[in-house]
Amino acid sequence: MPAFRQVGEKQLPQEVVFMAWSPKRDLIALANRAGEVLLHRLANFQRVWSLPPNENTGKEVTTLAWRPDGKILAFGLTDTKRIILCDVEKPESLHSFSVDSSITYMHWMEVTEESSVLTSFYNAEDESNLLLPKLPALPKNYSTTAKIFSEEKSDEIMKLLGDARLNALVLGGSCGFIEIYAYGMFKIATVTGVAGSCRGLCLSSDLKSLSVITEIRDSSDSEAEITYFQLDTSLLSSYLPEVTRMARKFTHISTLLQYIKLSLTCMCEAWEEILMQMDSRLTKFVQEKNTTTSVQDEFMQLLLWGKASLELQALLMNQLTVKGLKKLGQSIESSYSSIQKLVISHLQSGSEALLYHLSELKGMALWKQKYESLGLDASGIEEAITAVGSFILKANELLQVIDSSMKNFKAFFRWLYVAMLRMSEDHVLPELNKMTQKDITFVADFLTEHFNEAPELYSRKGKYFNVERVGQYLKDEDDDLVSPPNTEGNQWFNFLKNTTHLKESPLLFPHYPEKSLHFVKRQMEGIIDQCLLKPADVIGKSVHQAFCMSLYKTSQSEDSTPQLFKLPFLWNDKTSNIHYVLFTMLEDSISKIYILRRHTDTSRSVSNGILAVEFGNFLSNSIHESSDSRCYSCLDAHFYDDETVTVVLKESMEQEGKERVLAQLPLSSVYTDEDQDRELIWDSARRLDEQSGEIPTCTVILENQWRVLENMKAQYVSVNGIRKVSCVLSSNLRHVRVFEMDVEDDGEAEEEEEEETTQTAAGEPDELNQSADNQDNVCGASAEELPDETEERESSLDP
């Protein structure tokens, strides 16, 4: 009876470069050579969604990592050096940020350390929910937000916050690049002092230690040296409550910046190009007219005397037209109303919430006993508060411009509509024909201010007029506003101008009358980012090397293998606070599996040591043959849980017909009381592979926890001990098999499967419960994938 039950198998059209199981659901994420990120379900390996490569984000996915709650998937792109955070329910980016290096490995962990202070923080309701109004959901009727948000709700951006319990995304890249991001968003440490390109990372759950595996290569054609570093991160563990509070606050700030960015993008989308029609038509009129009369005078004559020149009549009746004027008026009213609502309900709400969290952060920074050691700087936060204040002022200025523009255009279009009806000798309704002296003065003032020809504007923008004043605020450019607001006669501005000591007052936010809203927003983001950098530098400098060991050199033949599938593999035992390193070194065609242990408390030497494990001939009937019965090499190994290692084995003397084996290795069969006494005293001046003969070796004969992988040249494995599943990948990187690992008998397995199916149907979102057919249609599956799906349903995959 096979030990594990096969539940899925598939031939994939593209080579897989990385795979990672969700920690909370029966979902596995894959990245392939085409740059796609795919999400598959355990049952029959159905595809849930796919995210194709994108020119804006990047096309070369190098690594994946799940947030511990399983709601966010992170992936790194080497060509654009960007990290994308994606919602598990929809293949769209929720948040992204750039890094300074190509990312080669990611690890997302959750802090399990408990204390009374932390427990009260985790359980307490966030005060901001009590003091601040709930942020309005972003509208779904814009293409920017429609791509991100589902049909039912549009507040997915707040999912970035996740649970209050601290989690950290650790990034490793080339040239010793290592950064730690709290909640996957706020950089809390930039680690230096590690050489080589990162091959593996593991931050302990108590935040005391960071284990790193790097590949050090002197030149492109030389052999690479695999080295293990253990770094002391005790500052993070010592100030865990403070780090958690600070990181949580910064994550709120990062989420609000993303909310403001999306709100502003929706505003830009609400502003339509049709609003520029008046400017372009008037510019064309100037270029084509033969008279010397200015455009302003032409319209003034029409206003005062009710008569227009032949050229102006041709412009109004043939180019603009009565119908076009009505459409333009409706577009302006609709567009301005939408922008006005977005500013009031979203931009101002988000900015005020941002101001609140920054003020709270400033209060934390002033508590120097707690937060000074973490690099929290009150002066930098004060600058960020000032920048947010300037952004709020600019948003209010835009509201004033919208309000006055709506009044001006309404009066202007009403007058022009009546004038054009008279030109065409159409009937004018009596209610439209009434125009007071006040209305005439209002339109005259509008013409005087907005219809002046500006030759210098033509050289800048290719037009002579800037009648439409709102669009300039939404342009993402560094140029000054074409038509800044007129502040002449404003008593407050005059008062500030004449009172010199008020100019430097920290109570007054600086005003940038010449700049667009986009410019002030970018300036605000830059200042906030700058104030977030100092803690990362301070904490990063506190991290120091506690242990370093050169393990072995790699052979040139391995270069074609995807780097992320190669051993070593790192694991953190949360219960006993021990780092494990699994790796192999080729010796006489036999690959033993080596297990290196290091305690996360770098000041302790207990539990530190190394053992080699070789596998006896457990397929043979005569198990107890001789000491030379070891005949299995380890191809891949991953920790299944704290007590078990999942391995892929092959016969050392491989011949035709020899099968690969998937097996579970209990650590209890490796670590006995006798083995713990045999510690290796290694020579730090030599590589470990040069001392391999002195490493204590344990020969293991597996009894029943193994399964022969028939008709498959298995090479790699990805496991999830929480969900009790594994995924085996072939050496050609296209053939996968999925197994349930803890199955005792068929009857019990079927019952468990029925229960799980019922729970899944009840508890998971509809999007994740669609069939593979529907999902492939939604995601635009290629033609070559569809036969695979059909074959999969038709063929029998019983173990």
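From a predicted model like this one, the values you see are computed outputs, not experimental measurements.

Caption draft 1: Spatial organisation of the packing of aromatic side chains. Counting across every chain of the model gives 15 aromatic pairs. Here Phe299 and Phe412 contribute two aromatic rings whose centre-to-centre distance is 6.2 Å and whose plane-to-plane angle is 50°, an arrangement assigned as tilted. Here Phe299, found in helix 7 (residues 295-305), pairs with Phe412, found in helix 11 (residues 378-423); they are 113 residues apart in sequence, far enough to count as distant. A single burial state applies to Phe299 and to Phe412, both of which are buried. Each member of the aromatic cluster is reached from another via a ring pair, and the members are Phe299, Tyr336, Phe409, Phe412, Phe413, Trp415 and Phe446. Taking NZ or CZ as reference, Arg597 lies 4.1 Å from the ring centre of Tyr671, over its face. Positioned over the ring face of Phe547 is Arg598, at 3.8 Å from the centre of the ring.

Caption draft 2: Representation of the sheet that holds strand 10 (residues 103-110) in the model. Overall, antiparallel pairing links the 4 strands, which are arranged 10-11-12-13 in an open sheet. In this open sheet, the two strands that pair with only one neighbour each are strand 10 and strand 13 (186-191). Shown here is a sheet whose adjacent strand axes are inclined to one another by a mean of 20°, direction ignored. Examined bridge by bridge, strand 10 and strand 11 (residues 167-173) share 7 bridges and lie antiparallel to one another. Note on strand 11: the bridge partner recorded for Met109 is Ala168. Contacts from helix 5 (residues 240-270) reach strand 12 (178-182) and strand 13 within the one sheet, and its direction differs from that of strand 13 by about 120°.

Caption draft 3: The pattern of salt bridges, seen in detail. By the definition in use, this model includes 17 salt bridges. Residue Lys187 pairs with Glu179 through a salt bridge whose shortest N-O separation is 3.3 Å. In terms of burial, Lys187 and Glu179 fall into one category: buried. Across the pair Glu242 and Lys370 runs a salt bridge whose closest N-O atoms are separated by 3.4 Å.

Caption draft 4: Looking closely at the sheet that holds strand 27 (residues 714-720). A sheet is described by the order of its strands in space; here 4 strands give the open sequence 1-29-28-27, paired in antiparallel fashion. The open sheet is flanked by strand 1 (5-11) and strand 27, the only strands paired with a single partner. Within the sheet, the average angular offset between the axes of one strand and its neighbour, ignoring direction, is 20°. One ladder, built from 6 bridges, connects strand 27 with strand 28 (residues 725-730); its direction is antiparallel. Within strand 28, the position partnered with Ala714 by the bridge is Ser730.

Reading guide: rules and limits
- Residues numbered from 1 in each chain as written.
- Predicted model: local features only at pLDDT ≥ 70, side-chain atom pairs only at ≥ 80, totals over all residues.
- Heavy atoms only, no water.
- Phe/Tyr/Trp six-rings, centres within 6.5 Å; stacked < 30°, edge-to-face > 60°.
- Helix = DSSP H or I, 4+ residues; strand = E, 2+ residues; numbered from the N terminus.
- Buried < 20%, exposed > 50% of the residue type's maximum accessible area, 1.4 Å probe, protein only.
- Lys NZ or Arg CZ within 6 Å of the ring centre and 35° of its normal.
- Pairing = 2+ DSSP bridges.
- Axes fitted to C-alpha atoms, helices over the stretch in contact; angles between N-to-C directions.
- Contact = heavy atoms within 4.5 Å.
- Salt bridge = Lys/Arg side-chain N within 4 Å of Asp/Glu carboxyl O.

From the geometry alone we can't say anything about function, so treat these as descriptive.
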